[in-house]
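Examination of the molecular architecture
Here is how the chains run, residue by residue.
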Amino acid sequence: MSRFTSRVIAASLASLTPLVACLAWTLFFDANRWVVASIAFASIVMFVVVLHAQLDYPLRTIANLISALREEDYSIRARGAGRNDAMGEVMYELNQLTETLRERRIGEVEAAALVRSVFEHIDSAIFTFDERWRLRLVNRAGERLLGRSAEQLHARNASELGLETFLTDSEMRTAEVVLPGGHGRFRIRRTTFRQSGVPHV
């Protein structure tokens with residue numbers, strides 16, 4: 001039993017103090033006090049069990065929903081959602097949040113797929129390096145220019161690839177470039193961005 005449930009049950013039992021006092025008085029003066037005591041005890045036990053069940057299920061449902069949202073699983077919905085009571089409103093708002101996050105996630109996936117498609121088919125060679133100058137992304141034009149596949153180039157240092165000078169010189173310039181897959185004068189442009197909080201070039 002959770003601490004929250006225990007507090008609620010304790011408060012509920014405290015609210016029964018007048019009833020318990022009346023029962024105690026009846027037990028003291030009534031000849032059938034053991035029958036009354038048994039009924040009273042059974043009623044209090046039933047009250048605690050029912051109250052615990054009514055509290056435990058919705059709270060566990062909310063915990064499972066929040067856990068699913070944290071793991072980006074948007075398929076779970078809360079039952080009993082509605083505007084007719086406080087718990088129903090909580091369930092309703094959780095369902096609305098789940099739907100909003102699901103739609104946002106779908107939009108992010110579609111946008112990422114579009115960017116990836118453009119990235120792959122653009123004519124200019126594009127190389128993305130992390131803060132340690134290790135290659136993280138390269139498009140098809142970049143593969144051709146370096147004469148190797150993306151799998152072979154992944155995580156290679158810029159100095160190994162002959163691209164280190166382009167990470168330290170001016171952000172935009174034209175330079176003579178000699179690489180395994182091509183040579184000539186190239187217009188070079190450098191920019192920075194962050195991905196998952198990590199700076200990239």
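Residues numbered from 1 in each chain as written. Predicted model: local features only at pLDDT ≥ 70, side-chain atom pairs only at ≥ 80, totals over all residues. Heavy atoms only, no water.

Right, let's get into the overall build of the protein chain. When helices and strands are tallied, the protein chain shows 8 helices and 6 strands. When the helices and strands of the protein chain are listed from N to C terminus, the series reads α-α-α-α-β-β-α-α-α-α-β-β-β-β. Taking all 201 residues of the protein chain together, the buried fraction comes to 24%. Carbon and sulfur atoms make up 59% of the accessible area of the protein chain, which totals about 14100 Å². (Helix = DSSP H or I, 4+ residues; strand = E, 2+ residues; numbered from the N terminus. Buried < 20%, exposed > 50% of the residue type's maximum accessible area, 1.4 Å probe, protein only. Areas by Shrake-Rupley, 256 points an atom, 1.4 Å probe, with all protein chains shown as cover.)

It is worth spelling out the side chain of Thr61 at this point. Within the secondary structure layout, Thr61 lies in helix 3 (residues 33-70). By relative accessible area, which is 17% here, Thr61 ends up buried. When near neighbours in sequence (up to four residues on either side) are disregarded, Thr61 contacts Ala78 and Met91. (Contact = heavy atoms within 4.5 Å.)

Here helix 4 (residues 86-121) contains 36 residues, and its C-alpha end-to-end distance of 53 Å stays within 8% of the 52 Å for a straight helix at 1.5 Å per residue. Burial in helix 4 covers these residues: Gly88, Met91, Leu94, Asn95, Thr98, Phe119 and Glu120. (Expected span 1.5 Å × (residues − 1).)

Once that is clear, we can look at the nonpolar core. The biggest cluster of nonpolar side chains holds 16 residues, and the ones touching the most others in it are Phe127, Phe129, Leu135, Leu146, Leu161 and Leu163. Residue contributions to this core peak at 3 residues, all from strand 3 (residues 172-179). The residues touching Leu135, leaving out its near neighbours within four places in the chain, are Phe127, Thr128, Phe129, Leu153, His154, Ala155, Arg156 and Leu161. Formed by 7 residues, the second largest nonpolar core is a distinct cluster that contains Leu65, Tyr74, Ala78 and Met91. (Core = buried A, V, L, I, M, F, W, Y, C linked by side-chain atoms within 4.5 Å.)

Now for the environment of Leu179. Looking at the element boundaries, Leu179 is found in strand 3. Along the chain, Leu179 and Leu163 lie 16 residues apart, while their C-alpha atoms are 9.1 Å from each other. Residues in contact with Leu179, not counting those within four places in the same chain, are Leu145, Leu146, Leu161, Gly162 and Leu163.

Right, let's talk about the pattern of salt bridges for a bit. A complete count under the given rule lists 7 salt bridges for this structure. A single network of salt bridges, built from pairs that share partners, joins Glu72, Arg105 and Glu108. (Salt bridge = Lys/Arg side-chain N within 4 Å of Asp/Glu carboxyl O.)

The next point concerns the environment of Ile122. Secondary-structure assignment places Ile122 in the loop between helix 4 and strand 1 (127-129). Residues Ile122 and Asn139, 17 residues apart in the sequence, show an inter-C-alpha distance of 8.0 Å. Setting aside chain neighbours within four positions, we find Ile122 in contact with Asn139 and Ala141.

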